[in-house]
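Listed here are the chains, written in short residue letters.
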Amino acid sequence: MCGIVGLFLKDRKLEPKLGSLLAGMLEVMTDRGPDSAGFAVYGSGDADHVKVTLRGRELEGIAETLGHGVKGTLRDNHLVLSFPKDREDQIRTWLAAERSEIKVIGVGQRIELYKEVGLPAEVSKRFGLPDMSGTHGIGHTRMATESAVTTAGAHPFSTGADQCLVHNGSLSNYRSLRRMLEPKGISFETDNDTEVAAGYLSWKLRDGATLAEALQSSLVDLDGFFTFVVGTESGFAVVRDPIACKPAVMAETDQYVAFGTEYRALVGLPGIGSARVFEPEPARVYAWERH
Amino acid sequence: MDLDNIPQTLPRQSATFDPYTLAEIRRAAATGIYDIRGAGTKRALPHFDDLLFLGASISRYPLEGYREKCATDVILGTRFAKKPIHLKTPVTIAGMSFGALSAQAKEALGRGATIVGTSTTTGDGGMTSEERGHSKTLIYQYLPSRYGMNPDDLRKADAIEVVIGQGAKPGGGGMLLGQKISDRIAQMRNLPKGIDQRSACRHPDWTGPDDLEIKIEELREITDWEKPIYVKVGATRPYYDIALAVKAGADVVVLDGMQGGTAATQEVFIEHVGIPILSAIRPAVQALQDLGFHRKVQLVVSGGIRNGADVAKALALGADAVAIGTAALVALGDNDPVHEAEYRALGTTAGAYDDWQEGRDPAGITTQDPVLAARLDPVAAGRRLANYLSVLTLEAQTIARACGKSHLHNLEPEDLVALTIEAAAMARVPLAGTDWIPGRGSF
Amino acid sequence: MPVIDLAEVSRRDLNSQLHALVPSTNETHWRVENPNGQHALAAGVDAPITIEIAGHVGYYCAGMNKQATILIEGNAGVGVAENMISGMVHVKGDASQAAGATAHGGLLIIDGDASARCGISMKGVKIIVKGSIGPMSAFMAQSGMLVVLGDAGDALGDSIYEANLFVRGNVKSLGTDCVEKTMRDEHKAELRKLLDTAGLNGEVSVDEFKRYGSARTLYNFHVDNASAY
């Protein structure tokens, strides 16, 4: 149970402001989700490099230790490492062997992912969201339902490269889905229903579905109440379950597409007064791609 | 071998296909409709009877009766409300609708509760003037159906109870069949007379604890933050549900186990959905403790509370108060053998009568028929309820004194042991004579 | 005219001032500025006054309204005018889910669109939506009128009781037990009267509307209807 915000920029001139706009939206959703918060931002990157977001303690010096070609950006207890693609296996192996207590929470070309227990405003400040730039981003404030309030339980969940998902609602068949996905090579770290939804999408994408197709299948295979906002390297998508009890509001202008659980989250966006404001229909996938 | 005297095998009824099951299959085959009835689960379940108190001896000393007080008062709704509820006894009357019950029965409940200084609760049909007039402390239920809901009654209430579910049918909505939709009820509920009421199982304008929080704020705004807001759930996942109710802003949480009664619902719902109250209390209290809210958000438990021992055990496990429903109706006169001839005519017998949805109650309690309802004298019935509530309170005090407690609230889980492994595991108290709590430690 | 700026004053202050009014009050015209999507604004009012809210409101604006005329100069969140007893609420923009939910009386006018569950469980309110309404509208609608100049989404009037629904545009699909019904003279008269009250006299003809209501097959449980449940 929570608040979700999402922002997908059409106008490149707004990219330096992505973080500050998203931070404003996130903070408004504090009442809905005081337990923990998280966000993913799609920032700089290219096809020859991989970015990995790590969360843990004593992260200083890791980039230097890994040496040539590895850049590290440390933000509190999260570290974003960027390195040439061909070093990925070696670096992942090193981390697993030497620093197994560090969690890898996001991997991809452009994604950076941060999440932590605490109020949204604090989480946003700790990791410097207001200064970040990017093409799109998703944020989440959490009130835990059936799993514990831990950092691991916070959203977004990322179970594939450049993928992330946030969820408002409560899935009712996620344990069965998890049992179906695990033999297919999707692994889970938490007991959380949202992680299962993320894993489901990763499975579908891995098997060749487009983002829209994967979300379309989720309407059949997932049961319960859900509003999902999903990010991929180039895409941004929203879907609500067929009963659509959990609220969802979107706003679209020539400059952006925005999502908020409540309209209040959108009031600070530029041009919101003349935006097309609408509520997504139940059981319909809305997807945008960057070109 | 003497062929005329071979011993016969004894006719043996199946435990699986027992007489009840066989009759039900035949009934289903004849009608094509599920069985609907009132009351709560009739199965034998782990319950308070499986727990015993450790009375005083050499290591603990008891209190004398009378002079050495054992206090029973409780305050509900201290978290946010300007006017919390002060009760003289922790035994309250659970929500039961006018519609399920006759107006006379609602009046009797109000009278009896007022005599002993406790509260009654409206149900899925709104507030009647009889109940508000006769009940000094009235909790007003806010249900998915919103029948009769209005701001005037909200402001007349002493507390508001947001109902998410009840123990008899967690996940189900209200049910009242056409036989009981009289003119008055049709008018209060805004329904055509004589139809079968279909009820929503979810609230129309919010779903989930994040939106419940906003709804609770609205109710506080409308009532100027004066009244405690209770949140009632049927027992299913009590640890999470109580935590979420606290996070959503509840002042009091009401937890109703599967033994809780109903006016009418499907038999399969009553018997197979929801968990016994014994298994729900400790997880609920754990949730409050983990959030640092035990005793700050009060917990009322219900579902099969019958005597002062049940009251004391519920409090010992961590509840602040209890609610009675079925027991209150029995005190008024429900299922009394004095009506046996009429029960037989209805195809049942005293103690087993549960077709309350038919509205033909000989005791005049679960009916809207004016002739039957007139049989219940609200003043006399109110007196009976008051007597019963007094006995519950005195019994609980007797037990508490024997455990050395000067206030019922000082009862604690360590005052209890269990007779069975199931009860020990569910109530998280050791098996009598051992240190063993199944799931939590060694022998 | 009292002007309350919610950038300076709390919602609690606003509501408590409104609740303190007596029916004979002279302060009959209020203006509220900078609502900024806050919830439960002007909820629980019980006085014959007019309140203008200058902007967008959050959930449950005008909840349980009695007697007041409340104008929202923007969009309304979930449950606008929920459980209204009497009076009028006018949303100049769009309304979110559950607009007019379980309302017993009064008039709710929405100039823009209403989203899902418009008029859910309505108990006597009259609702006019000049735009379109979303899916699952008029679910379990017990009584009252819902008038839509635009289109209606899926499952209109699912499990409806005795409310009357009038839709001018397209109905995507009808809910269980909801059927098109004949527009008789008394319905046309009632509809005309309501449209005029909302200031639409001369603009819209009653002949453009179709009436929808209960087929009443679910009024007493019958096994052959089991698949409807």
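Residues numbered from 1 in each chain as written. Chains lettered and ligands numbered in written order. Predicted model: local features only at pLDDT ≥ 70, side-chain atom pairs only at ≥ 80, totals over all residues.

1. Quick word on the overall build of chain A
Note the threshold: Under the scheme used here, helices are H or I runs from DSSP no shorter than 4 residues and strands are E runs no shorter than 2 residues, and both carry numbers assigned from the N terminus. Note that the radius of gyration is over C-alpha atoms, with the globule rule given as 2.2 Å times the number of residues to the power 0.38. Burial is judged by counting other C-beta atoms within 10 Å of a residue's own C-beta: 20 or more means buried, 12 or fewer means exposed, and anything between counts as partly exposed, with every C-beta placed from the backbone. Residue pairs are scored as contacts if the distance between their C-beta atoms, which are placed from the backbone, is within 7 Å.
A count of helical and extended segments in chain A gives seven helices and 15 strands. For 291 residues, the compact-globule formula gives about 19 Å, and the C-alpha radius of gyration of chain A, at 18 Å, lands near that figure. Taking the principal axes of the C-alpha coordinates as reference, chain A spans close to 50 × 45 × 35 Å. Classification of the 291 residues of chain A by burial places 50% in the buried group. Of all intrachain contacts in chain A linking residues separated by at least 6 positions in sequence, the fraction that spans at least 24 positions is 71%.

2. Some points on the overall build of chain C
Helix and strand counts for chain C come out as two helices and 11 strands. Taken from the N to the C terminus, the helices and strands of chain C come in the order β-α-β-β-β-β-β-β-β-β-β-α-β. A compact globule built from 229 residues should have a C-alpha radius of gyration of about 17 Å, and chain C, at 18 Å, falls within 12% of that. Taken along its principal axes, the extent of the C-alpha atoms in chain C is 60 × 40 × 30 Å. Of all 229 residues assigned to chain C, the portion counted as buried reaches 56%.

3. Here we look at the packing of helix α10 (residues 308–316) of chain B against helix α14 (residues 378–402) of chain B
Residue and element names in this part refer to chain B. The cut-off we apply is this: Every axis in this analysis is a line fitted to C-alpha atoms, fitted for helices over the stretch in contact. Angles between the N-to-C directions lie between 0 and 180 degrees. Roughly parallel means an angle under 35 degrees; roughly antiparallel means over 145; roughly perpendicular covers 65 to 115; every other angle is labelled oblique. Crossings are classed by handedness, with left-handed meaning an anticlockwise turn of the near helix from the far one by less than a right angle and right-handed meaning a clockwise turn. Here the term charged refers only to Asp, Glu, Lys and Arg, the term nonpolar to Ala, Val, Leu, Ile, Met, Phe, Trp, Tyr, Cys and Pro, and the term polar to all other amino acids, Gly among them.
Look at α10 against α14: their axes get within 7 Å of each other, and the N-to-C directions meet at 60°. When the axis of α10 is compared with that of α14, the two are oblique. Crossing handedness for the pair α10 and α14: right-handed. Seen from α10, the contacting residues are G308, A309, V311 and A312; seen from α14, they are V391, L392, T393, L394, E395, A396, T398, I399 and A400. Taken together, the residues of the contact of α10 with α14 break down into nine nonpolar, three polar and one charged.

4. Focus on the nonpolar core
To keep things clear, this is the line we draw: Put simply, a nonpolar core is a cluster of buried Ala, Val, Leu, Ile, Met, Phe, Trp, Tyr and Cys residues tied together by C-beta atoms within 7 Å.
Membership of the largest hydrophobic core comes to 273 residues, with the highest contact counts inside it found for V322 of chain B together with L108 and L146 of chain C. Counting residues per element, this core draws most heavily on α14 of chain B, at nine residues. Ignoring any residue separated from it by four or fewer positions in sequence, one finds V322 of chain B in contact with P90, V91, V300, V301, S302, I305, V311 and A314 of chain B. Residues V50, L81, F83 and V107 of chain A belong to the second largest nonpolar core, which totals seven residues.

5. Brief notes about the sheet that holds strand β3 (residues 49–55) of chain A
Residue and element names in this part refer to chain A. Test applied: Between any two strands, at least two bridges found by DSSP are needed for them to pair.
Spatially, β4-β5-β3-β6 is the arrangement adopted by the four strands of the open sheet, whose pairing is antiparallel. One side of each edge strand has no neighbouring strand; the edge strands of this open sheet are β4 (71–75) and β6 (103–108). When the angles between neighbouring strand axes are averaged without regard to direction, this sheet yields 20°. Sheet topology places β3 next to β6; five bridges connect them, and they run antiparallel. Bridging from a neighbouring strand, T53 pairs with G106 of β6.

6. What about the interface of chain B and chain C?
Accessible area lost during the coming together of the parts is what is often quoted as the interface size. Each side of the interface is counted separately: chain B has 22 residues, and chain C has 38 residues. Element by element, the count of residues in the side of chain B that touches chain C is highest for helix α6 (residues 209–222) of chain B, at five residues. The class makeup of the residues in the side of chain B that touches chain C is 10 nonpolar, four polar and eight charged.

7. Description of helix α2 (residues 103–116) of chain B
All names here are of chain B. As a reminder of what qualifies: Expected helix span is computed as 1.5 Å times (number of residues minus one).
Taking 1.5 Å of rise per residue, the 14 residues of α2 would be expected to cover 20 Å, and the 21 Å separating its terminal C-alpha atoms lies within 8% of that figure. Burial of α2 is extensive: 11 of the 14 residues sit out of reach of the surface. For α2, the full list of buried residues reads A103, Q104, A105, K106, E107, A108, L109, G110, R111, G112 and A113.

8. Observations regarding α6 of chain B
With 14 residues, α6 of chain B extends 20 Å from end C-alpha to end C-alpha; this agrees with the ideal 20 Å at 1.5 Å per step. With respect to burial, α6 of chain B is a largely interior element, 14 of its 14 residues being buried.

9. Some thoughts on the domain arrangement of chain A
All names here are of chain A. Let me state the cut-off plainly: Domains are outlined according to an automatic or database domain assignment.
According to the domain assignment, chain A consists of domain 1 (2–43 + 120–289) and domain 2 (45–109). Averaged C-alpha coordinates put domain 1 and domain 2 at centres separated by 24 Å. Contact residues are listed per partner, giving nine residues for domain 1 and nine residues for domain 2. Its residues assigned to classes, the side of domain 1 that touches domain 2 shows three nonpolar, three polar and three charged.

10. Description of the sheet that holds strand β11 (residues 235–240) of chain A
Residue and element names in this part refer to chain A. The strand order across the open sheet formed by four strands is β9-β10-β11-β15, and the pairing between neighbours is antiparallel. Looking at strand neighbours, the two that pair on one side only are β9 (164–171) and β15 (286–289), the edges of this open sheet. Strand-to-strand twist in this sheet, taken as the mean axis angle between neighbours without regard to direction, amounts to 5°. Packed on one face of the sheet, helix α6 (residues 193–206) meets β9 and β10 (224–231) and runs near 130° to β9.

11. Regarding the environment of D415 of chain B
All names here are of chain B. For D415, the location among the structural elements is in the loop between α14 and β14 (416–418). With 25 C-beta atoms packed within 10 Å, D415 lands in the buried category. Note: C-alpha distance between D415 and L51 (364 residues apart in sequence) is 9.9 Å. Excluding residues within four positions of it along the chain, D415 makes contact with F53, L54, A316 and C403.

12. Topic: unusual backbone geometry
With an omega of 5°, the peptide bond between H155 of chain A and P156 of chain A qualifies as cis. Note that P156 of chain A resides in the loop between β8 (136–142) and β9. Non-glycine residue M64 of chain C carries a positive phi angle of around 55°. In this fold, M64 of chain C is placed in the loop between β3 (50–54) and β4 (69–72). On the neighbour-count criterion, M64 of chain C (29 C-beta atoms within 10 Å) is buried.

13. Observations concerning the interface of chain B and chain A
Counting residues at the interface gives nine residues for chain B, matched by 11 residues for chain A. Counting only elements with at least two residues in the side of chain B that touches chain A, the list comes to α6 and α7 (238–247) of chain B. For the side of chain B that touches chain A, the per-class residue count stands at three nonpolar, two polar and four charged.

14. Examining the pairing of strand β13 (residues 256–260) of chain A
Residues and elements named next belong to chain A. Counting buried residues along β13, five of its five residues qualify, which places the element largely inside the surrounding structure. Every second residue of β13 is oriented toward a common face, with Y256, A258 and G260 on one face and V257 and F259 on the other, all of them buried. Relative to β13, strand β1 (residues 2–9) runs antiparallel, the two being bridged by five bridges. Across the sheet, L7 pairs through a bridge with A258, a residue of β13. Inspection of the sheet shows strand β12 (residues 249–252) paired to β13 by four bridges, in the antiparallel sense. Looking across to β13, one finds that A251 is bridged to A258.

15. Focus on the pairing of β1 of chain A
Taken across its eight residues, β1 of chain A has eight buried, putting it largely inside the fold. Burial along β1 of chain A is two-sided: the face carrying C2, I4, G6 and F8 of chain A and the face carrying G3, V5, L7 and L9 of chain A are both buried.

16. A closer look at the confidence of the model for chain C
Parts of the prediction with low pLDDT should not have their coordinates interpreted in detail. Basically, it comes down to this: Residue-level confidence of the predictor, termed pLDDT, takes values from 0 up to 100.
The predicted model of chain C has a mean per-residue pLDDT of 95, with 97% of residues at 70 or higher. The ipTM value of the predicted complex is 0.96, and its pTM value is 0.93.

17. Looking at the packing of α6 of chain A against helix α7 (residues 211–221) of chain A
Residue and element names in this part refer to chain A. Axis separation between α6 and α7 bottoms out at 9 Å; the angle between their running directions is 130°. Considering their axes alone, α6 and α7 lie oblique with respect to each other. Considering only the axes of α6 and α7, their crossing is right-handed. In contact with A197, Y200, L201, K204 and L205 of α6, α7 contributes L211, A214, S217, S218 and D221. Among the residues making up the contact of α6 with α7, the classes are represented as six nonpolar, two polar and two charged.

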